[in-house]
Amino acid sequence: MIDRAGLAEFLRRRRAALQPEDVGLPRGQRRRTSGLRREEVATLCHISADYYSRLERERGPHPSEQMIASIAQGLHLSRDERDHLFRLAGHHPPTRGTAGEHIGPGLLRIFDRLADTPAEIVTELGETLRQTPLGVALTGDQTRYTGPARSIGYRWFTDPACRARYHPDDHATHSRVFASGLRRTVTLRGPDSRAAHLLRLLLAGSEEFRRVWDQHEIGVGYSHDKRFLHPEVGVVEVACQALLDPDQGHLLLVYTAVPGSESYEKLQLLSVIGAGLS
């Protein structure tokens, strides 16, 4: 059963505890409240302000599990807080583990401060959960996919269009990295895991993947440098730095170019024209 009073109180308390700078929002000069406004929380949660306001007022429909998950993420809740929110809403909390998609608040706080940098948060299967606007401008919207195609490793071997954003000279390396990474994850997570399901799909559907997989490579990685091929500005060379959340298995990938370089200027251009060219 939903605890409407408890849910409303918890939402109000969490909203009041968050500051605009905690979630990458400008504070502004005329802010009267110390916490976030309802409209700001609704935007972070990708729901309407009216819907969110009704929850805080103990009204409205029974929120779905998907809605509660979105609110938990928007409010930057820890996993314990997320689980509490699910119970208040009358749902069982999601199973914990590295297969989860709830991004830890610490990783989100770092991500929220990277608005002027290409960056993304990905799962251990290469599923993009969040991208900065400049990340979308550089690589396209990687969050729009569903099903197995959410994994870039799966798309790499099944959708030729996936390779268009990567320099042709690097394609063979990408293939080896994706196969090696999947082998590690399957071994780590076991035969009943989502990684094992992706493996079975790729073995059945891609001759190239079978050929690379048969090499039995482990630990193949990139250098710190990557080359993207943007349809409008051309080749963009960046350094890729990764920050791991060990509890969730999520990676924050941050792409930077050497200041003053041609690639740096291209990123500056993309920051102005935005994702419209993606």
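Each value, and the rule that gives it
Residues numbered from 1 in each chain as written. Predicted model: local features only at pLDDT ≥ 70, side-chain atom pairs only at ≥ 80, totals over all residues. Heavy atoms only, no water. Buried < 20%, exposed > 50% of the residue type's maximum accessible area, 1.4 Å probe, protein only. Helix = DSSP H or I, 4+ residues; strand = E, 2+ residues; numbered from the N terminus. Pairing = 2+ DSSP bridges. Axes fitted to C-alpha atoms, helices over the stretch in contact; angles between N-to-C directions. Contact = heavy atoms within 4.5 Å. Salt bridge = Lys/Arg side-chain N within 4 Å of Asp/Glu carboxyl O. Core = buried A, V, L, I, M, F, W, Y, C linked by side-chain atoms within 4.5 Å. Phe/Tyr/Trp six-rings, centres within 6.5 Å; stacked < 30°, edge-to-face > 60°. Lys NZ or Arg CZ within 6 Å of the ring centre and 35° of its normal. Disulfide = S-S within 2.5 Å.

Asks: Would you take a moment to explain the pairing of strand β5 (residues 250-256) for this structure?
Replies: Note on strand geometry: in a regular strand, side chains alternate between the two faces of the sheet. Here β5 lies mainly inside the structure; five of its seven residues are buried. Pairing of strand β4 (residues 234-245) with β5, which is carried by seven bridges, proceeds in the antiparallel orientation. In the sheet register, Asp245 faces β5, and the bridge partner there is His250. Hairpin remark: β4 followed by β5, antiparallel, with four residues in the connecting loop; positive phi at Gly249, about 75 degrees.

Asks: Just to check I follow, could you spell out the sheet that holds β5 for this structure?
Replies: Strand pairing in a sheet relies on backbone hydrogen bonds. The paired strands run either parallel or antiparallel. The strand order across the open sheet built from five strands is β2-β1-β5-β4-β3, with neighbouring strands paired in antiparallel fashion. Each edge of the sheet is formed by a strand with only one pairing partner; in this case those strands are β2 (128-131) and β3 (225-230). Along the sheet, successive strands turn relative to each other by an average axial angle of 30 degrees, direction set aside. Both strand β1 (residues 119-122) and β2 contribute to a ladder of three bridges, which runs antiparallel. The partner of Val122 across the bridge, within β2, is Thr128. Across the sheet, helix α6 (residues 105-112) is in contact with β1, β2, β4 and β5; its angle to β1 comes to roughly 160 degrees.

Asks: Would you take a moment to explain the pattern of salt bridges for this structure?
Replies: Should the charged atoms of two oppositely charged side chains come close, the side chains can pair. For the structure on display, the rule yields 15 salt bridges. Close ionic contact of Arg12 with Glu9 constitutes a salt bridge, the shortest N to O distance being 2.9 Å. Here Glu9 and Arg12 lie together in helix α1 (residues 4-17), a separation of three residues that amounts to about one turn. With a relative accessible area of 32%, Glu9 lands in the partly exposed category. Where salt bridges share partners, they join Glu9, Arg12 and Arg13 into one cluster.

Asks: I'm lost on the nonpolar core in this one. Help?
Replies: In terms of nonpolar packing, the biggest core is built from 33 residues, with Leu182, Phe209, Val238, Leu267 and Leu270 touching the most fellow members. Elements with a contribution of two residues or more to this core: α7 (133-139), α8 (152-158), α9 (171-189), α10 (194-205), α11 (207-213), β4, β5 and α12 (262-273). It is α10 that provides the largest number of residues to this core, a total of five residues. Residue contacts for Leu270: discarding those within four places in its chain leaves Leu134, Ala137, Leu138, His230 and Val233.

Asks: Which parts of the structure should I look at to understand the packing of aromatic side chains?
Replies: Two aromatic rings, taken as a pair, are described by how far apart their centres are and by the angle between their planes. Tallying each qualifying case throughout the model produces six aromatic pairs. Through successive ring pairs, a cluster of aromatic residues spans Trp156, Tyr166, Phe178, Phe228 and Tyr255. For Arg155, the ring lying beneath its charged end belongs to Tyr145, and the centroid distance is 3.9 Å. A cation over a ring is seen here: Arg163 above Phe157, with NZ or CZ 5.9 Å from the ring centre.

Asks: Any chance you could explain the environment of Tyr255 here in plain terms?
Replies: Along the chain, Tyr255 turns up in strand β5. You can call Tyr255 buried: its relative accessible area is 4%. Residues Tyr255 and Ala8, 247 residues apart in the sequence, show an inter-C-alpha distance of 39 Å. Once residues within four sequence positions are removed from consideration, Tyr255 is found in contact with Thr117, Pro118, Ala119, Glu120, Lys226, Phe228, Val238, Ala239 and Cys240.

Asks: I'm lost on the environment of Pro26 in this one. Help?
Replies: With respect to the helices, strands and loops of the structure, Pro26 is situated in the loop between α1 and α2 (38-45). Leaving out residues up to four positions away in the same chain, Pro26 has contacts with Pro20 and Arg31.

Asks: Any chance you could explain unusual backbone geometry here in plain terms?
Replies: Both trends apply: most residues other than glycine have a negative phi, and most peptide bonds are in trans. One non-glycine residue, His46, lies in the positive phi region at around 60 degrees. When you line up the elements, His46 lands in the loop between α2 and α3 (49-56). Even without being a glycine, His76 presents a positive backbone phi close to 55 degrees. Looking at the element boundaries, His76 is found in the loop between α4 (65-74) and α5 (79-88).

Asks: It is not clear to me how the state of the cysteines should be interpreted in this structure. Could you clarify?
Replies: Such a bond, covalent and formed between the sulfur atoms of two cysteines, is termed a disulfide. This structure, assessed with the given rule, holds zero disulfides. Its sulfur unpaired, Cys240 is 15 Å from the next cysteine sulfur, which belongs to Cys162. For Cys240, a relative accessible area of 13% corresponds to the buried category.

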